[in-house]
Amino acid sequence: MQSLTAAQYFFVYNAFSFTFATMAAATVFLWLGRSQVGRAYRTALTISGLVTAIAAYHYWRIFESWGAAFEVRDGIVTVTGLAFNDAYRYVDWLLTVPLLLIELVLVMRLSRSETFTKATRLGLAAALMIVLGYPGEIADDNGTRALWGTLSTIPFLYIVYELFVGLGDAIKRQPVEARGLVNTARWITFASWGFYPIVYMVPYTSFSGAATETALQIGYTVADIVAKAGLGVLIYMIAVRKSEIEYGVAEPVAMRGQRPVPEV
């Protein structure tokens, strides 16, 4: 980190600032969007907004920590003596990653028992994945990093199995008009989550020193934007589409709190 250049410093600095604004804006959008969907889908949007709200808070803390850890004078970056606290990421992920899977299950509107079972299993697997990955993230040697990264991959593979096998039949039962969006949400979840392990492996590449830290911070930040704000917007689109199908239109004020009347 002693060799951090001004360009690297400001690249990461501005990425944190941009992501904080993105997460905050997504939170407002998702929570205000609850009025545009049917009652059955409001919880999914509430949780989706909660995910981005938690992420916005932690990105603000990461942003402040990054700014406090370094000082730039005349284009030269020096350390201030205050450590950059990257643990905020794992605190954030421990809270938000299980919720990301839960919001996906909720917007599918499965039976009560199926929703509880899927949400519980996926949520616990996601939390375990984060817990196992943290010791490797803070390790000083690549051997320890590889060990914990491998252990973290086990619950990740279970999540992938559930996304493409366990939820396969449930996705087929979704309305035809919304099925494509639900399937896209599944793939975005898989793709964005699959990007995290790639970033995790950056220390094994030719990058070194400040370049490694810069790549890690930018990589994780991009993945967070897609996995949280991007998926959140898609969850909103699914909720609106399914509300239109079930209520005729996205639930109007007059129908709030009422069950849709089936056509005869």
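Throughout what follows, the structure given in this document is the object of discussion. Since this is a predicted model, take the numbers as computed values, not measurements. (Residues numbered from 1 in each chain as written. Predicted model: local features only at pLDDT ≥ 70, side-chain atom pairs only at ≥ 80, totals over all residues. Heavy atoms only, no water.)

### Some points on the packing of aromatic side chains
Part 1: As enumerated under the stated definition, the model contains 22 aromatic pairs in all.
Part 2: Pairwise contacts between aromatic rings join Y9, F10, Y13, F16, F20, Y59, W60, F63, W66, F70 and F84 into one cluster.
Part 3: In this structure, R145 packs its charged tip against the face of Y200, placed 4.3 Å from the ring centre. (Phe/Tyr/Trp six-rings, centres within 6.5 Å; stacked < 30°, edge-to-face > 60°. Lys NZ or Arg CZ within 6 Å of the ring centre and 35° of its normal.)

### Quick word on the environment of A229
Part 1: Within the secondary structure layout, A229 lies in helix α8 (residues 210–247).
Part 2: Ignoring anything within four residues of it in the chain, the contact list for A229 reads T22, M23, A26, T52 and D224. (Helix = DSSP H or I, 4+ residues; strand = E, 2+ residues; numbered from the N terminus. Contact = heavy atoms within 4.5 Å.)

### As for a nonpolar patch on the surface
Part 1: Judged by side-chain polarity, F195, I198, V222 and V226 come together as a nonpolar surface patch covering roughly 320 Å² of accessible area.
Part 2: Among the structural elements, V222 can be located in helix α8.
Part 3: In this structure V222 comes out as partly exposed when scored by relative accessible area, which is 42%. (Patch = residues over 30% accessible without salt bridge, like charges linked within 9 Å, V, L, I, M, F, W, Y side chains within 5 Å. Areas by Shrake-Rupley, 256 points an atom, 1.4 Å probe, with all protein chains shown as cover. Salt bridge = Lys/Arg side-chain N within 4 Å of Asp/Glu carboxyl O. Buried < 20%, exposed > 50% of the residue type's maximum accessible area, 1.4 Å probe, protein only.)

### Side note on unusual backbone geometry
Part 1: In this structure, D74 takes a positive phi of about 55° despite not being glycine.
Part 2: Among the secondary structure elements, D74 is positioned in the loop between β1 (70–73) and β2 (76–79).
Part 3: Unlike most non-glycine residues, R109 shows phi in positive territory, near 55°.

### Considering the pairing of β2
Part 1: The pairing of β1 with β2 spans four bridges and is antiparallel. Looking across to β2, one finds that V72 is bridged to V77. (Pairing = 2+ DSSP bridges.)

### As for the packing of helix α2 (residues 42–69) against helix α3 (residues 87–108)
Part 1: Contact geometry for α2 and α3: axes closest at 9 Å, N-to-C directions at 165°. The angle between the axes of α2 and α3 places the two elements in the roughly antiparallel class. The handedness of the crossing between α2 and α3 comes out as left-handed.
Part 2: Its residues placed into classes, the contact of α2 with α3 shows 16 nonpolar, five polar and four charged. (Axes fitted to C-alpha atoms, helices over the stretch in contact; angles between N-to-C directions. Parallel < 35°, antiparallel > 145°, perpendicular 65-115°, else oblique. Left-handed = near helix turned anticlockwise from the far one by under 90°. Nonpolar A, V, L, I, M, F, W, Y, C, P; charged D, E, K, R; others polar.)

### Details of the nonpolar core
Buried together is how nonpolar side chains tend to be arranged in soluble globular proteins.
Part 1: Membership of the largest hydrophobic core comes to 50 residues, with the highest contact counts inside it found for V107, M108, I159 and W193.
Part 2: Grouped together as the second largest cluster of nonpolar side chains are 16 residues, L4, F63, W66 and Y88 included. (Core = buried A, V, L, I, M, F, W, Y, C linked by side-chain atoms within 4.5 Å.)

### Notes on the side chain of Q217
Part 1: On the secondary structure map, Q217 appears in helix α8.
Part 2: By relative accessible area, Q217 is classed as buried at 1%.
Part 3: There is a polar contact of 3.3 Å between the side chain of Q217 and the side chain of D86.
Part 4: Among the polar contacts made by the side chain of Q217, one reaches the side chain of E213 at a distance of 2.7 Å.
Part 5: Not counting residues within four places of it along the chain, the set of residues in contact with Q217 comprises V12, F16, W66, F84, D86 and R89. (Polar contact = N/O pair within 3.5 Å; in protein donor to acceptor, adjacent residues only side chain to side chain.)

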